[in-house]
Amino acid sequence: MVADLRSGNSKAFSEIYRRYAEPIYLLLRKKIDCREDARDIVQELFASLWQKHPTLPADTCLSAYLFTAAKYRAINYIAHQTVSKNVLQDLSERLHVGVSTTDHLVRERDLSAVIETAVSDLPDKMQVIFRMSRQDQLTHKEIAKNLNLSETTVKKQVANALKILKPKIGTIIIGLLTTLYNLF
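Position labels on residues start from 1 in each chain and follow its written sequence. In view of the model being predicted, local features appear only for residues whose pLDDT reaches at least 70, and side-chain atom pairs are presented and counted only at 80 or more, with totals across whole chains, interfaces and linings using the full set of residues. Only heavy atoms go into the side-chain values, all of them from the structure, while hydrogens and water stay out.

**Here we look at the overall build of the chain**
Phase 1 of the analysis: A tally of regular secondary structure across the chain gives 7 helices and 0 strands.
Phase 2 of the analysis: Secondary structure elements are defined from DSSP: runs of H or I of at least 4 residues count as helices, runs of E of at least 2 residues count as strands, and each element is numbered from the N terminus. Mapped in sequence order, the helices and strands of the chain form the string α-α-α-α-α-α-α.
Phase 3 of the analysis: Contact criterion: two residues are considered in contact whenever any of their non-hydrogen atoms come within 4.5 Å of each other. Here the contacts in the chain between residues at least 6 apart in sequence split such that 60% fall between residues at least 24 apart.
Phase 4 of the analysis: All accessibility values rest on the Shrake-Rupley procedure with a 1.4 Å probe; residue burial counts only the protein chains present in the view. In the form shown here, the chain has an accessible surface area of approximately 12,800 Å², with 57% of it arising from carbon and sulfur atoms.

Now the structure itself:
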């Protein structure tokens, strides 16, 4: 039968296909989860056999040749699927982290701008005291010493600044949280 196939006899090829296509398909189905992909591999295998028919050695054992080729095609398929799955998973993770990080940075920048605007609207003396307390992280005692004020005055100024800022910033934070909630 190999001699007939080597000479380009299409009837010999059809007979080989009839004998081996189904058993090869069943072998592939044991290795591959997807029926369509297993059928595609069978078709590719026989298309390759037809392309190589003039160069097949005369002593070729067709069953061994076809089942070995099917085995290697299944191995290549599984390897390709594994690599594809890993690449897609990695890409998905990177995309998700990138979006989260970018979104987080944008929201952080926006919130910082809102806070800065609200602090800038405070009276000058209160603004200086609040910045020294929150940005420079000085104690009330240190602020009082630096500005020649009483510690009580510093405490009152910080408390008053917080009373003014909380409603302004709280409204913005509630708006941001609502936006975040709506995204998910």
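On we go from here.
**Some details on the packing of helix α5 (residues 124–134) against helix α6 (residues 140–147)**
Phase 1 of the analysis: Close contact between α5 and α6 brings their axes to 10 Å; oriented N to C, the two are set at 135°. What the angle tells us is that α5 and α6 run oblique. Of the two elements, α5 crosses α6, and the hand of that crossing is right-handed. Counting all contacts with α5, which are made through Val128, Ile129, Met132 and Ser133, the residues of α6 involved are His140, Ile143, Asn146 and Leu147. Angles run from 0 to 180 degrees between N-to-C directions of axes, and those axes are lines fitted to C-alpha atoms, restricted for helices to the stretch in contact. Working rule for angles: under 35 degrees goes down as roughly parallel, over 145 as roughly antiparallel, 65 to 115 as roughly perpendicular, anything else as oblique. Crossing handedness is read from the near helix: turned anticlockwise from the far helix by less than a right angle, it gives a left-handed crossing, and turned clockwise, a right-handed one.

**Let's talk about the side chain of Thr60**
Phase 1 of the analysis: When you line up the elements, Thr60 lands in the loop between α3 (35–52) and α4 (62–120).
Phase 2 of the analysis: With a 1.4 Å probe rolled over the protein chains alone, any residue whose accessible area is under 20% of its type maximum counts as buried; one over 50% counts as exposed, and the rest are partly exposed. Among the residues examined, Thr60 registers a relative accessible area of 15% and is labelled buried.
Phase 3 of the analysis: Throughout this description, a polar contact denotes any pair of N or O atoms lying within 3.5 Å of each other; where both atoms belong to protein, one of them has to be capable of donating a hydrogen while the other can accept it, and for residues adjacent in sequence the pair is counted only when both atoms sit in side chains. A distance of 2.7 Å separates a polar side-chain atom of Thr60 from the backbone oxygen of Pro57.
Phase 4 of the analysis: Not counting the four nearest positions on each side in its chain, Thr60 is found in contact with Val2 and Tyr65.

**What to know about α3**
Phase 1 of the analysis: Multiplying 1.5 Å by the helix residue count minus one yields the expected span of that helix. Taking 1.5 Å per residue, 18 residues should reach 26 Å; α3 reaches 26 Å between its end C-alpha atoms and fits that length.
Phase 2 of the analysis: For α3, every residue scored as buried is listed here: Ala38, Ile41, Val42, Leu45, Phe46, Ser48 and Leu49. For α3, the angular spread of buried residues about the axis comes to 155°, placing them on one side. Counted as exposed and oriented over 90 degrees from the buried face of α3: Glu36 and Gln51. Within this analysis, the arc is defined by the directions that extend from the helix axis to the C-beta atoms.

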